[in-house]
Amino acid sequence: MQAPKGTYDVLPAEQERRALLEARARKILGAAGYRRIETPAFEATELFSRGVGAATDIVQKEMYSFDDGGGRSLTLRPEGTAPICRAYMEHGMHKLPQPVKLWYLGSFFRAEQPQRGRYRQFWQIGAEAIGAAGPETDAELILLLGSLLDAMGVKGTRLRLASLGNPETRSAYREQLTAYLRAHLDELSAEVRARIELNPMRAFDASDPGTRAVMAGAPKLLDQLSADDAEHFALVRELLDAAGVPYELDPTLVRGLDYYTRTLFEFSSDALGAQSGVGGGGRYDRLIEQLGGQPTPGVGFAAGVERILLAGAEQPIAPEPVDLLVALADRDDRVSVLTAFDLAHEARQAGLAAQYELYGRSLKSALKHADRINARYVAIVNDPLHASLRDMDSGEQQELEPSRLIATVLRGSRLS
Ligand code: AMP
């Protein structure tokens, strides 16, 4: 049996890098006042059809939806923002000091065509600031995502930026764009033609040369922003300029979620192949209202954990150091086994990273193993009163009672 197509196992060898990502995210986001939240793996389907947008690819063809047995439709979450807005409303977070700043790390589900960097169950790390309308919040989230990618050694990143304005400007623009596309119908791909009414903006995403040539001359939303939206966008850019963050304006930037207003951004990395988007986000000032709440501004980002790890893969990570490996001189001596096993347990309780040699290796191969796992000391237990402690750095070995061993290792590892 194999794992379902587009899913994969996270094996022990990969855990360290993931744990490192989690630790760095906690540090970077925590320092800016973001606190962790986790929402359930599935939600009412309506949350996503209303939140993400009924016309998006995600809702149209990528959701894992199922009947819960009682006639209600549930969906494995394809993204994190709508669930967090649901939680914000459900828990009355508008009563907390605003903005409410949250981050999350968890798995998400989309029935996409699997390839390198694109899976059906994938992990995202994301952050949301709900309740603040100012452009500083947009800039802050962009900076935080940039710092996180840097901290994970993601190389060759490129930041693209756009503004989608407000829904009114956008719907006027949409009509204009639809008319333009209709006037060039013959030059467009069949897929784009079929979706003109549903989602004309996606034509900017098309890869066929015919459509691309048409789109090069298409009207751009960025040229038509309202005065307020243009001012907001100008401030976001000034803040990024002042912070020394390079970016490119990309009037054709589109993302697969309908809830965005104003700022939209995406980081990509040269280190990735076709799936170069490593993370992105934007402002969603109408989303909470759309979900039935009071009008509340928000902005956030989501980044793909697999893609961060793929793009930052060349950065070596040293394994966690091991203070002590406990081995036995004679495995058949039951009293030694009890002494050694207890020693490893007590060493851990004393705060040491201690491992018991579980595999039954000979002494020689236990020492080799100690090298491999980067152990500072190896204890070889002979009997309840006699043990040898080997310092793996100096190669020196001393004989002592097992009861004194932990104190000696503690002293040694504190000195080193
Ligand atoms: P999105 O929620 O579509 O804005 O995606 C945010 C980020 O999540 C992307 O930049 C990717 O890094 C990652 N991502 C989205 N979909 C997938 C997927 N199917 N497999 C792996 N990563 C994904």
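Here the structure is shown first, and the text comes after it.
Treat the numbers as computed from the prediction; the structure is a model and nothing was measured. Numbering of residues begins from 1 in every chain and follows the order in which that chain's sequence is written. Totals for whole chains, interfaces and linings use all residues, but because this is a predicted model, local features are given only for residues with pLDDT of at least 70 and pairs of side-chain atoms are given and counted only at 80 or more. Computation of side-chain values: all heavy atoms of the structure, hydrogens and water removed.

A.B. asks: I'm lost on the overall build of the chain in this one. Help?
C.D. replies: Helix and strand definitions here come from DSSP, where helices need a minimum of 4 consecutive H or I residues and strands a minimum of 2 consecutive E residues; each element is numbered from the N-terminal end. On a plain count of helices and strands, the chain comes out with 14 helices and 16 strands. The atom set for the radius of gyration is the C-alpha atoms, and the globule formula is 2.2 Å times the number of residues raised to the power 0.38. At 28 Å, the chain has a C-alpha radius of gyration far larger than the 22 Å of a compact globule built from 416 residues. Each of the three principal axes of the chain carries a C-alpha extent, and together these read 90 × 50 × 45 Å. Long-range pairs, those at least 24 residues apart, make up 69% of the contacts in the chain with a sequence separation of at least 6. Taken as a whole, the chain presents about 20,400 Å² of accessible surface, with 52% of it coming from carbon and sulfur. Here the chain holds 48 positive side-chain charges and 57 negative ones, and the gap between their average locations is 2 Å. By the convention used here, residues are in contact when the closest approach between their heavy atoms is within 4.5 Å. Per-residue and other accessible areas follow the Shrake-Rupley method at a 1.4 Å probe size, with only the shown protein chains counted as cover for residues. Charged-residue counts in this description rest on Lys and Arg as positive and Asp and Glu as negative, His and the chain ends being excluded. Each charge is placed at NZ for Lys, CZ for Arg, CG for Asp and CD for Glu.

A.B. asks: Just checking my understanding: could you explain helix H6 (residues 167-183) for this structure?
C.D. replies: Here a helix's expected span is defined as the number of its residues, less one, multiplied by 1.5 Å. Compared with the 24 Å implied by 1.5 Å per residue over 17 residues, the 24 Å span of H6 between its first and last C-alpha is a close match. Only protein chains enter the calculation, and the probe is 1.4 Å; a residue is then buried if its accessible area is under 20% of its type maximum, exposed if over 50%, and partly exposed in between. Those residues of H6 that fall on the buried side of the exposure criterion are Thr 169, Arg 170, Tyr 173, Leu 177, Thr 178, Tyr 180 and Leu 181. Seen from one end, H6 has its buried residues packed into an arc of 165°, which puts them on one side. Away from its buried face, by an angle of more than 90 degrees, H6 presents the exposed residues Glu 175 and Ala 183. Lining the buried residues of H6 we find helix H8 (209-216), helix H9 (227-242) and strand E9 (261-269). Note that the arc is defined by the directions from the helix axis to the C-beta atoms.

A.B. asks: Would you take a moment to explain the site of the ligand for this structure?
C.D. replies: Being near a molecule or strand, for a residue, means having at least one of its heavy atoms within 4 Å of it. Lining the immediate environment of the ligand, one finds 15 residues, of which Arg 110, Glu 112, Tyr 119, Gln 124 and Arg 255 sit closest. Whenever a nitrogen or oxygen atom comes within 3.5 Å of another N or O atom, the pair is scored as a polar contact, on the condition that within protein one atom can donate a hydrogen and the other can accept it, and that pairs from neighbouring residues in sequence are kept only if both atoms are in side chains. Between the ligand and Val 278, the relevant distance is 3.0 Å, taken from an oxygen atom to a main-chain nitrogen or oxygen of the residue. A distance of 3.1 Å separates an oxygen atom of the ligand from a polar atom in the backbone of Gly 304. Across the complex, the protein chains shield 92% of the 490 Å² of accessible surface that the ligand would expose by itself. At the level of secondary structure, the elements contributing two or more residues to the shell around the ligand comprise strand E6 (121-130), strand E10 (277-283) and strand E11 (298-304). The dominant element in the shell around the ligand, judged by the number of residues it contributes, is E10, at 3 residues.

A.B. asks: Just to check I follow, could you spell out the nonpolar core for this structure?
C.D. replies: If you look at soluble globular proteins, the nonpolar side chains tend to sit buried side by side. Among the nonpolar cores identified, the biggest contains 48 residues, and Leu 177 and Met 215 are the most heavily contacted of them. Listed by contribution, the elements that provide at least two residues to this core are helix H2 (45-51), helix H3 (57-62), helix H4 (81-90), strand E5 (100-109), E6, H6, H8 and helix H10 (287-290). Considering each element in turn, this core owes the most residues, 5 residues, to H4. In this structure Met 215 touches Leu 177, Leu 181, Ala 203, Phe 204 and Lys 220, once residues within four positions along its chain are discounted. The set of buried Ala, Val, Leu, Ile, Met, Phe, Trp, Tyr and Cys residues whose side-chain atoms join them within 4.5 Å is what this entry labels a nonpolar core. Listed in part, the 38 residues of the second largest apolar core include Leu 148, Leu 159, Val 305 and Leu 309.

A.B. asks: Explain helix H5 (residues 135-151) here, please?
C.D. replies: The terminal C-alpha atoms of H5, which comprises 17 residues, lie 24 Å apart, in line with the 24 Å expected from a rise of 1.5 Å per residue. Within H5 the residues assigned to the buried category are Pro 135, Thr 137, Asp 138, Ala 139, Leu 141, Ile 142, Leu 144, Leu 145, Gly 146, Leu 148 and Leu 149. Two residues or fewer past H5, Gly 153 is found with a positive phi of approximately 70°.

A.B. asks: Whenever I open this one, the sheet that holds strand E3 (residues 65-67) confuses me. Can you help?
C.D. replies: Across a sheet, paired strands are connected by hydrogen bonds in the backbone, their directions being either parallel or antiparallel. DSSP bridges decide pairing: two strands pair if at least two such bridges lie between them. Here 3 strands make up an open sheet; going across it, the order is E2-E4-E3 and the pairing antiparallel. A single partner strand is all that each edge strand has here, and the edge strands are strand E2 (42-44) and E3. This sheet shows a mean twist of 35° between the axes of neighbouring strands, independent of strand direction. Note: E3 against strand E4 (residues 73-76), 3 bridges, orientation antiparallel. Residue pairing in the sheet places Ser 65 in a bridge with Thr 75 of E4. Fitted lines through C-alpha atoms give the axes, limited to the stretch in contact for helices. The angle between two N-to-C directions lies from 0 to 180 degrees.

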